[in-house]
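The primary structure of each chain is shown beneath.
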Amino acid sequence: MLYDLQCEANMAPIVGMLWSAVRENNQRLKLITEGMTLEEVDYKGPDGSYNSTAQLIRHLLYVDLNWVYRIKGESLPKTLKEQFGPMIDENNRLPMIEGKSVVTLMTNYEEVIKLLEDVCIQLPDTDLEKIVYFGHENEKQATIRWGIWHMADHSRYHQAQINQLRKWYRNVI
């Protein structure tokens, strides 16, 4: 098998490379979570103090959804904030998510990835230098280029946590 960040023919070259990194990580996340039971998706580690796979997937979805709208230069619609938010709860932790199957979570996340693809098709490489604001209070600045790269990097970070949860869960059952 050949691994490559294959650019899409209908995207600008650098945008296409960044998009392919996000797409590859999304495909990897699907493989990592494939076949998870509801009990495993909701598992919070040996002492119950970790974020569950459900929380991590919802977090990735919501972060990426926010980036899609930043890249578009639009505010995240209230309906999507209500459906997938908030980013953190009143204790500054990822919000509790229970009772959602991995299929439901990943289907929702794949819709966000499709939105990103649609945005990337329209995005010229020159727009990658545009500055956007992010963070809980929009206190940080980044280029769109960094934002798309961050989506891929952020996914891999949480995939490592999901892999650890899966190892722990296998030792419990």
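Quick note: structure is the one above.
Computed from a prediction, not measured in an experiment: that's the story for all the values here.

S.K.: Quick question: what am I supposed to make of the overall build of the chain here?
M.R.: Scanning the chain from terminus to terminus reveals six helices and two strands. Its helices and strands taken in sequence order, the chain reads α-α-α-α-α-β-β-α from the N to the C terminus. Relative to the compact-globule value of 16 Å for 173 residues, the chain shows a C-alpha radius of gyration of 16 Å, a close match. Considering the chain as a whole, with its 173 residues, one finds that 46% of them fall into the buried category. Carbon and sulfur atoms form 51% of the exposed surface of the chain, whose accessible area is close to 9700 Å². Each charge class in the chain can be summarised by its mean position, and for the 19 positive and 24 negative side chains these summaries are 1 Å apart.

S.K.: Help me understand the pairing of strand β1 (residues 131-134), please; the structure alone is not making it clear to me.
M.R.: In regular strands, side chains alternate between the two faces of the sheet. Judged by which residues are buried, β1 turns out to be one-sided: Val132 and Phe134 face inward and are buried, whereas Ile131 and Tyr133, on the alternate face, are not. The sheet contact formed by β1 and strand β2 (residues 140-143) spans four bridges and is antiparallel. Across the sheet, Val132 pairs through a bridge with Ala142, a residue of β2. Between β1 and β2, which pair antiparallel and follow one another directly, the connecting turn spans five residues, one of which, Gly135, has a positive phi of 110°.

S.K.: Please explain the nonpolar core as it appears in this structure.
M.R.: Soluble globular proteins tend to pack their nonpolar side chains together in the buried interior. Tyr109, Leu116 and Ile148 are the most contacted members of the largest nonpolar core, which has 50 residues in total. Ranked by residues supplied to this core, first place goes to helix α3 (residues 53-72) with twelve residues. If we ignore the near neighbours within four places in the chain, the residues touching Ile148 are Leu18, Trp19, Val22, Ile71, Cys120, Leu123 and Leu128.

S.K.: What am I meant to see in the packing of aromatic side chains here?
M.R.: Taken as a whole and judged by the stated rule, the model has six aromatic pairs. Both rings, one in Trp67 and one in Phe134, keep their centres 5.2 Å apart while their planes meet at 45°; by these two values the pair is tilted. Taken together, the residues Trp67 in helix α3 and Phe134 in strand β1 connect sequence positions 67 residues apart. Taken together, the aromatic side chains of Trp67, Phe134, Trp146 and Trp149 make up a single cluster linked through ring pairs. Between Arg70 and the ring centre of Trp67, over which it is positioned, the NZ or CZ distance is 4.6 Å.

The rules behind each value
- All residue numbers refer to positions counted from 1 along the written sequence of the respective chain.
- A pLDDT threshold of at least 70 governs which residues receive local features in this predicted model, and a stricter bar of 80 or more applies before side-chain atom pairs are shown or counted, although totals over entire chains, interfaces and linings include all residues.
- The side-chain quantities take in all heavy atoms of the structure and omit both hydrogens and water.
- Helix and strand definitions here come from DSSP, where helices need a minimum of 4 consecutive H or I residues and strands a minimum of 2 consecutive E residues; each element is numbered from the N-terminal end.
- Just to be clear, the radius of gyration here is over C-alpha atoms, and the globule rule we use is 2.2 Å times residues to the power 0.38.
- Only protein chains enter the accessibility calculation, which uses a 1.4 Å probe. A residue is then buried if its area is under 20% of the maximum for its type, exposed if over 50%, and partly exposed in between.
- Note on areas: Shrake-Rupley with a 1.4 Å probe; residue coverage comes only from the protein chains shown.
- Note that His is not counted, nor are the chain ends; the positive residues are Lys and Arg, and the negative ones are Asp and Glu.
- Here the site of a charge means atom NZ of a Lys, CZ of an Arg, CG of an Asp or CD of a Glu.
- In this scheme, strands are said to pair when DSSP sees at least two bridges between them.
- Definition of nonpolar core: a set of buried residues of the types Ala, Val, Leu, Ile, Met, Phe, Trp, Tyr and Cys, connected through side-chain atoms within 4.5 Å.
- Any two residues whose heavy atoms approach within 4.5 Å are treated as being in contact.
- Stacked, tilted and edge-to-face are the three classes applied to pairs of Phe, Tyr and Trp rings, where Trp contributes its six-membered ring and a pair requires centres within 6.5 Å; stacked means planes under 30 degrees apart, edge-to-face means over 60, and tilted covers the rest.
- Two conditions define a charge sitting above a ring: the NZ of Lys or the CZ of Arg must be within 6 Å of the ring centre, and it must be within 35 degrees of the ring normal.

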